[in-house]
2 protein chains.
Amino acid sequence: MTREWTVFSAQCPSRQSLARIANKWTAMIIILLHEQPLRFGELHRGADGITKKVLADTLRALERDGMIDHATHSDGHGRYELTELGRTLHEPLRALQVWAESHVEDVLDAQDRYDTAADEQTLGH
Amino acid sequence: MTREWTVFSAQCPSRQSLARIANKWTAMIIILLHEQPLRFGELHRGADGITKKVLADTLRALERDGMIDHATHSDGHGRYELTELGRTLHEPLRALQVWAESHVEDVLDAQDRYDTAADEQTLGH
DNA sequence: AGGCGCGGTTACTTCAACGTCACCGCCCAG
DNA sequence: CTGGGCGGTGACGTTGAAGTAACCGCGCCT
């Protein structure tokens, strides 16, 4: 079972799920919310570079997909928090963050090599 | 060390890395190439719905970032294959695929609940 | 020689995502 | 009752990513 679904087929709903979770903002939001429930402004400050609109849109999409929810907390403020489903997403997404941060130098080096190789091409051997 | 880099800062190069790897086409290509080196057309058929242009662009970006490379094989045909760096990416991305495929029903149910709740709003209590 | 499939590239278009900015109601402090 | 911060929403414009389709050289088959 479950192998009735495959992300390799464009029409399979699992493809849409993959597209939603394989996304930098999704990853950052889920990782931030794993620590604790957060308010809109806290997320806005936490995910540097995101605009209010994109944050609002992303939060609504994640809420629709059942990964987070939005409830008024004991102090009277609304907060976003992971659902049970959202919590299962933390580990895989966290792994992406760790990968990205720990392989920066490798990637930067590879880009350098690629770009200078391309330059040498253009400048004739 | 390595915590000089953080994906939460917009200017940090690790953010660009995260954006590249947290991407459905990247994930699908890395997963397909994990089995074995593949030719352009094989990838094109393997990742249903991708166009030649997007595939070519994505492959060039991954090559530049040092995750794959492109070499002429023993049979005279070019093939794309994972580099050592690319191989380290397989496990985290594979986890996303597994998540997407195994939680399809949960996500679909959540969407249903969200959408019908929204309908009831619109239709007045 | 002619036609086909492969592995792209190019030019042009389209479309969805994102940015900008103004505005809103609510609550709290002064 | 005014001003500011919070938590958004909406209208609009821009950009960049993706789609479309035509074309290309190469090698293979016939």
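Each remark here, short or long, concerns the structure printed above.
Colleague: Could you clarify how one ought to interpret the nonpolar core in this entry?
Modeller: A general trend in soluble globular proteins is that nonpolar side chains are found buried together. If you look at the biggest cluster of nonpolar residues, it comprises 44 residues, and the most contacted ones within it are I29(A), I30(A), L96(A), I29(B), I30(B) and L96(B). If you list the elements that add at least two residues to this core, you get α1 (13-21), α2 (24-35), β2 (78-82) and α5 (84-102) of chain A together with α1 (13-21), α2 (24-35), β2 (78-82) and α5 (84-102) of chain B. Those residues in contact with I30(A) that sit more than four places away from it in its chain are M67(A), L82(A), G86(A), L89(A), H90(A) and L93(A).

Colleague: What should I look at first to understand the protein's contact with DNA strand D in this one?
Modeller: DNA strand D sits among R39(A), F40(A), G41(A), K52(A), K53(A), A56(A), H77(A), G78(A), T51(B), K52(B), K53(B) and V54(B). Elements supplying a minimum of two residues to the surface near DNA strand D: α3 (40-46) and α4 (52-64) of chain A together with α4 (52-64) of chain B. Grouping the constituent residues of the surface near DNA strand D by class yields 3 nonpolar, 4 polar and 5 charged.

Colleague: Before we go on, may I ask you to explain the interface of chain A and chain B in this structure?
Modeller: As a measure of interface size, the accessible area lost when the parts come together is often cited. Each partner contributes to the interface: chain A provides 44 residues, whereas chain B provides 44 residues. If you list the elements that add at least two residues to the side of chain A that touches chain B, you get α1, α2, α4, α5 and α6 (104-122) of chain A. Looking at which element gives the most residues to the side of chain A that touches chain B, the answer is α5(A), with 10 residues. Counted by class, the side of chain A that touches chain B contains 24 nonpolar, 13 polar and 7 charged residues.

Colleague: Before we go on, may I ask you to explain the relation of the copies chain A and chain B in this structure?
Modeller: There are two copies of the chain, and a rotation about an axis plus a shift along that axis relates them. When chain A is brought onto chain B, the operation consists of a screw motion whose angular component is 180 degrees and whose axial shift is 0.0 Å, with 0.0 Å RMSD remaining. Read as a symmetry element, the transformation amounts to a two-fold axis. Measuring from the rotation axis to each C-alpha of chain A, the shortest distance belongs to A22(A), at 2.2 Å.

Colleague: Explanation requested: the protein's contact with DNA strand C in the structure shown.
Modeller: Taken together, T51(A), K52(A), K53(A), V54(A), R39(B), F40(B), G41(B), K52(B), K53(B), A56(B), H77(B) and G78(B) are the residues near DNA strand C. Breaking the surface near DNA strand C down by element, the ones donating at least two residues are α4 of chain A together with α3 (40-46) and α4 of chain B. Of the residues in the surface near DNA strand C, the class split is 3 nonpolar, 4 polar and 5 charged.

Colleague: Got a minute to help me understand the packing of α2(A) against α5(A) in this structure?
Modeller: To characterise two packed helices, one gives the angle between the axes of the helices and the distance between these axes. Residues and elements named next belong to chain A. For the pair α2 and α5, interaxial distance at closest approach is 9 Å and the crossing angle is 115 degrees. Judged by the angle between their axes, α2 and α5 are roughly perpendicular. Seen along the crossing, α2 lies across α5 with a hand that is left-handed. For the pair formed by α2 and α5, the contact residues are A27, I30, I31 and H34 on the first element and G86, L89, H90, L93, R94, L96 and Q97 on the second.

Colleague: Would you mind going over the environment of F40(A) with me for this structure?
Modeller: Residues and elements named next belong to chain A. As for its placement among the helices and strands, F40 is situated in helix α3. Overall, F40 belongs to the partly exposed group, with 16 C-beta atoms counted inside 10 Å. With 19 residues separating them in the primary sequence, F40 and L59 have C-alpha atoms 9.2 Å apart.

Parameters at a glance
Residues numbered from 1 in each chain as written. Chains lettered and ligands numbered in written order. Predicted model: local features only at pLDDT ≥ 70, side-chain atom pairs only at ≥ 80, totals over all residues. Core = buried A, V, L, I, M, F, W, Y, C linked by C-beta atoms within 7 Å. Buried ≥ 20, exposed ≤ 12 C-beta atoms within 10 Å, placed from the backbone. Helix = DSSP H or I, 4+ residues; strand = E, 2+ residues; numbered from the N terminus. Contact = placed C-beta atoms within 7 Å. Near = placed C-beta within 6 Å. Nonpolar A, V, L, I, M, F, W, Y, C, P; charged D, E, K, R; others polar. Least-squares fit on C-alpha atoms with pLDDT ≥ 70 in both. Axes fitted to C-alpha atoms, helices over the stretch in contact; angles between N-to-C directions. Parallel < 35°, antiparallel > 145°, perpendicular 65-115°, else oblique. Left-handed = near helix turned anticlockwise from the far one by under 90°.

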